[in-house]
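# Fold and geometry: a report
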Amino acid sequence: MSEELTQRILKVIAESQKLEPGKVTVESTFEELGIDSLDGVNILFALENEFNINIPDEGVQGIRTVRQMIDALEALFAGGQGAPAPANS
Amino acid sequence: MGQRRTVVTGIGVICGIGNDAAGVWDSLSAGRSGIGPIRNVDMTGLRFSNGAEVRDYDPSRYFRNREADFLDRFAQFAVIAAREAVRDSGIEWTPELRERGVIVTGSCVGGQNTQEEGFRNLYVLKKPRVNPLTIPRTMANAGASHISMETGITGPAFTISTACSSANHAIGQAFWFVRSGAAEVAVTGGSEAPFSEGNLRAWEAMRVVAPDTCRPFSKTRRGMILGEGGAMLVLETLEHAEARGARIYAEIVGFGMSSDAHHLTQPSVEGPSRAIRMTLRDGGLHPEQIGYINAHGTATPANDPTETAAIRAVFGSHADKLAVSSTKSMHGHALGAAGAIEAVATVLALRNGILPPTANYQEPDPQCDLDVVPNAARRADVECALSNSFAFGGLNAVLAFRRWQ
C-alpha cells in the first residue's frame, strides 16, 4: 500500500473518531484508541465514503488494529474493488 | 385489590411462517423456516438479500374498500392479529367490559413504509406535497388506535417503542394492568413492517444482518435476519375467563425488566440475567420450574454467547436441564413484533407439549453450550417457560408463562 493511501486511511480513522491526527498510527490497536465494535462500523462507513467503495462484511469483522484495517483495504483494492479515487475527490 | 391471576385466552399472529395462529404453529412444530429472498424491496446492491416476509399478503383480503388506505403495513398486521386473537378468545364485549379493557402494543419503527414514501416524493421525485395521511399512518401508536376503534375498547391504549424488546415490554405492561386490577381484559402484542429500502440500507450499514440465513447458537451463525408481522394476545383475569367458560391457553405469571446502562449495541450478561431473575421473582417461580426458554437468539456473533452466559448465571446447573430455542431461525427478527410472535410460540409450546426448534442449526459453538433443540421440534411437557427480549440500547424484558391444565 502506498504511503499516501496509508496516510488517508489514518486520517479517516482519526477524523471519524474525533482523535488528534498524530494519535492514530499504523501500529495502533483499536483498544488503545478506545474504538469498539460500533465505532469500527462507523470507520468502515467513513472509509467507504472516502474511497467510494463497498466494503463487504467478510474480512473486516474481526479487525481490531489499524494495521489489519489497512491490510483489509489493500486486499480489497488488489481484488479490483474500486481503484482508490484521488484524494479530495 | 390483591393480585389477580391472569390468563391467555386468545392468540392471533401473521408473520413469515404463517398468516394465522394455526399456520404459524404448523411451521414452528415442523421446524420450517420462512426465510427467503426479499421480494417487496429491490435488493440490488445490498449485502444481504434474505428476510422473513409475510407471504402472499393481500390487504384487500382483510380490509374493505378504503380501510387499508388509513393503515400502514405495520398497523395492518396489528389489526389482523388483534382480530384473530379477539375472535379466538370468544370474548363478548359489553360497554362495561370495553371500559375495563386495555390495549398495549409494541413497535420499533412504526409506519416506516409510509414515511419513506413521503420522503421519496419530496426528495427524489421533487413533488411539493405528501399524502395527508402520512402522519396518522406513520405514528407508532397507529396499531393501538386502530385496535381500539375495531374492538370498541375505551380504556387505556398506548404503544411502547423499545426496539427489539417493544412487544415484551408491551405485554408485560398489559399483564400488570390486569393482574393489579387496573383492567379486566387486555389486547396486547406488537407489529412491525421493516422491509423498506431506507430501513434495510440502515440495517446493512450496521453490519449485523447475515448474508445467508439465521442460525442461532450455531458456530456458523453470521448474523440476524429481519422479519415482519404482528402478533396479539388476549389476556384476562382468571375469574373473568372462568365465569364465561373461556378456553385458557396458558397463565401469564411473571414479567421483569432491566437496563444494561452499558452500550448502545453491545449486549451485557448482567442486564439480561437481572431481567430473568426479576421475572422469576415477579412470578414467584423457582428456577427449577422453568423447562423451556424462547431465547432472544438473534444469531449475531455477540448476542448468543452473551445470552447463554446470562442464562447460565441465573440457572446454574439447572441450565443444563433447560431446553432453549430461538424461533427467530424461522420467523426472523421481527423487531417490535418479535416478543409477541415469540410469546405466541411459547404459549402454544406449553399448551401443545411440543417445543419448537432452533432451525438452520449446523455446528455446536462452545460459547453457546445450551440444549438449543437443534432443527427438530421435541415433545416435552414443561411446567413453565420464559420468553426473552433484549434490545439495542440495553433494554431487557422477559415474560414467564405457566402451562394450564
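Since we're looking at a predicted model, the values are computed, not measured. (Residues numbered from 1 in each chain as written. Chains lettered and ligands numbered in written order. Predicted model: local features only at pLDDT ≥ 70, side-chain atom pairs only at ≥ 80, totals over all residues. Heavy atoms only, no water.)

### Quick look at the overall build of chain B
For chain B, the helix and strand inventory stands at 13 helices and 14 strands. By the compact-globule yardstick of 22 Å for 405 residues, chain B fits well, its C-alpha radius of gyration being 20 Å. For the C-alpha atoms alone, the extent of chain B along its principal axes is close to 65 × 55 × 40 Å. Taken across its 405 residues, chain B has 62% of its residues classed as buried. Considering only intrachain contacts with a sequence separation of at least 6, the fraction spanning at least 24 residues in chain B is 78%. Within the structure as shown, chain B displays about 14,900 Å² of accessible surface, and the carbon and sulfur contribution to it stands at 51%. Charged side chains in chain B number 39 positive and 41 negative. The centres of these two groups are separated by 2 Å. (Helix = DSSP H or I, 4+ residues; strand = E, 2+ residues; numbered from the N terminus. Rg over C-alpha atoms; globule rule 2.2 N^0.38 Å. Buried < 20%, exposed > 50% of the residue type's maximum accessible area, 1.4 Å probe, protein only. Contact = heavy atoms within 4.5 Å. Areas by Shrake-Rupley, 256 points an atom, 1.4 Å probe, with all protein chains shown as cover. Lys, Arg positive; Asp, Glu negative; His and termini not counted. Charge placed at Lys NZ, Arg CZ, Asp CG, Glu CD.)

### Notes on the interface of chain B and chain A
Interface size is commonly expressed as the accessible area that is lost once the parts come together. With 11 residues of chain B in contact, the opposing surface of chain A contributes 11 residues. Of the roughly 880 Å² buried between chain B and chain A on both sides combined, carbon and sulfur atoms contribute 43%. Counting every contact that joins chain B to chain A gives nine residue pairs in polar contact (both at pLDDT 80 or more). Partitioning the side of chain B that touches chain A into residue classes produces five nonpolar, three polar and three charged. (Buried area = accessible area lost by both parts, 1.4 Å probe. Polar contact = N/O pair within 3.5 Å; in protein donor to acceptor, adjacent residues only side chain to side chain. Nonpolar A, V, L, I, M, F, W, Y, C, P; charged D, E, K, R; others polar.)

### Points about the sheet that holds strand S14 (residues 395–403) of chain B
Residue and element names in this part refer to chain B. Taken in spatial order, the 10 strands make up an open sheet running S5-S4-S6-S7-S1-S8-S14-S13-S9-S10, and their pairing is mixed. Looking at strand neighbours, the two that pair on one side only are strand S5 (157–160) and strand S10 (323–325), the edges of this open sheet. Going from strand to strand, the sheet's axes swing by 25° on average, the running direction of each strand aside. Bridge analysis of strand S6 (residues 185–192) against strand S7 (residues 229–237) gives eight bridges, and the strand direction is antiparallel. Bridging across to S7, Gly189 finds its partner in Met232. Against the sheet, helix H6 (residues 142–151) makes contact with strand S4 (101–106), S5, S6 and S7, and its axis sits at roughly 150° relative to S4, the strand it touches most. The sheet contacts of helix H11 (residues 303–315) involve strand S9 (290–294), S10 and strand S13 (384–391), and relative to S13 the element is tilted by about 135°. (Pairing = 2+ DSSP bridges. Axes fitted to C-alpha atoms, helices over the stretch in contact; angles between N-to-C directions.)

### Brief notes about the confidence of the model for chain A
This prediction gives chain A a mean pLDDT of 89; 90% of its residues lie at or above 70. Across chain A, element-level confidence peaks in helix H2 (residues 30–33) of chain A with a mean pLDDT of 96 and bottoms out in helix H4 (residues 66–78) of chain A with 93. (pLDDT = per-residue confidence, 0-100.)

### So, the nonpolar core
Formed by 51 residues in total, the largest nonpolar core has its most connected members in B:Val8, B:Ile11, B:Val13, B:Leu233, B:Leu235 and B:Phe401. Here the element with the most residues in this core is helix H13 (residues 338–352) of chain B; it accounts for nine residues. Beyond its immediate sequence surroundings of up to four residues, B:Val13 is in contact with B:Gly18, B:Asn19, B:Asp20, B:Ala21, B:Val24, B:Ala81, B:Glu84, B:Gly230, B:Ala231, B:Ile341 and B:Val344. Within the second largest apolar cluster, 27 residues are counted, among which are A:Leu10, A:Val24, A:Ile35 and A:Phe77. (Core = buried A, V, L, I, M, F, W, Y, C linked by side-chain atoms within 4.5 Å.)

### Quick notes on H6(B)
Among all positions of H6(B), only B:Ala142, B:Gly143, B:Ala144, B:His146, B:Ile147 and B:Thr151 are buried. Just downstream of H6(B) lies B:Gly152, where phi reads positive at about 80°.

### Some words on the pairing of S9(B)
As a general feature of sheets, a regular strand has side chains that alternate between the two faces. Residue and element names in this part refer to chain B. For S9, the tally of buried residues reaches five of five residues, placing the bulk of the element in the interior. Taken together, the four bridges between S9 and S13 define a ladder with parallel strand orientation. In the sheet register, Ile293 faces S13, and the bridge partner there is Leu386. Across three bridges, S9 lies against S10 in parallel orientation. Note on S10: the bridge partner recorded for Ile293 is Val324. With H11 bridging S9 and the parallel S10, this β-α-β connection has right-handed handedness. (Right-handed = clockwise from strand over helix to strand, strands pointing away.)

### Here's the deal with the pattern of salt bridges
Residue and element names in this part refer to chain B. Per the counting criterion, the structure on display carries 31 salt bridges over all chains. Linking Asp212 and Arg215 is a salt bridge whose minimum nitrogen-to-oxygen distance equals 3.5 Å. In this structure, Asp365 engages Arg221 in a salt bridge whose closest nitrogen and oxygen atoms are separated by 2.8 Å. On the criterion of sequence distance, the pair formed by Asp365 in the loop between strand S11 (354–355) and strand S12 (378–379) and Arg221 in the loop between helix H8 (197–206) and S7 is long-range, its members being 144 residues apart. The pair Asp365 / Arg221 is uniform in exposure class, with both members buried. (Salt bridge = Lys/Arg side-chain N within 4 Å of Asp/Glu carboxyl O.)

### Here's the deal with a nonpolar patch on the surface
On the surface, a nonpolar cluster with roughly 560 Å² of combined accessible area is contributed by B:Phe119, B:Leu122, B:Tyr123, B:Val124, B:Leu125 and B:Val130. On the accessibility criterion, B:Leu125 (48% relative accessible area) is partly exposed. (Patch = residues over 30% accessible without salt bridge, like charges linked within 9 Å, V, L, I, M, F, W, Y side chains within 5 Å.)

### A closer look at the layout of surface pockets
All names here are of chain A. Within this model, the largest pocket holds a volume of roughly 870 Å³. Looking at the lining of the largest pocket, the element that brings in the most residues is helix H3 (residues 37–51), giving five residues. Of the residues that constitute the lining of the largest pocket, the class distribution is 21 nonpolar, 16 polar and six charged. (1 Å grid on protein atoms, 1.4 Å probe; cavity = no way out; pocket = protein on both sides within 12 Å on 5 of 7 lines; lining within 4 Å. Points joined across faces, edges and corners; volume = space filled by probe spheres on them.)

### Considering empty space enclosed by the protein
A full pass over the atoms with the stated rule returns one cavity of 30 Å³ or more. By volume, the largest cavity is sized at about 30 Å³. In terms of lining residues, the largest cavity is bounded by A:Asp57, B:Arg47, B:Phe48, B:Trp203, B:Glu204, B:Arg207, B:Val208 and B:Val209. Partitioned by chemical class, the residues of the lining of the largest cavity number four nonpolar, no polar and four charged.

### Looking at the packing of aromatic side chains
Residue and element names in this part refer to chain B. According to the stated counting rule, one finds seven aromatic pairs over all chains in the structure shown. Both rings, one in Phe158 and one in Phe177, keep their centres 6.0 Å apart while their planes meet at 45°; by these two values the pair is tilted. Here Phe158 is found in strand S5, whereas its partner Phe177 is found in helix H7 (residues 166–180), with 19 residues between them in sequence. Every member of this aromatic cluster is reached through a ring pair, and the members are Tyr57, Tyr62 and Phe77. (Phe/Tyr/Trp six-rings, centres within 6.5 Å; stacked < 30°, edge-to-face > 60°.)

### Points about the packing of helix H1 (residues 3–16) of chain A against H4(A)
Working note: a packed helix pair is described by the angle between its axes plus the distance between those axes. Residues and elements named next belong to chain A. Interhelical geometry of H1 versus H4 gives an angle of 125° and a closest axis separation of 11 Å. When the interaxial angle is binned, H1 and H4 end up oblique. Of the two elements, H1 crosses H4, and the hand of that crossing is right-handed. Mapping the contact onto sequence places Leu5, Thr6, Ile9, Leu10 and Ile13 in H1 and Val66, Ile70, Leu73 and Phe77 in H4. Residues of the contact of H1 with H4, tallied by class, amount to eight nonpolar, one polar and no charged. (Parallel < 35°, antiparallel > 145°, perpendicular 65-115°, else oblique. Left-handed = near helix turned anticlockwise from the far one by under 90°.)

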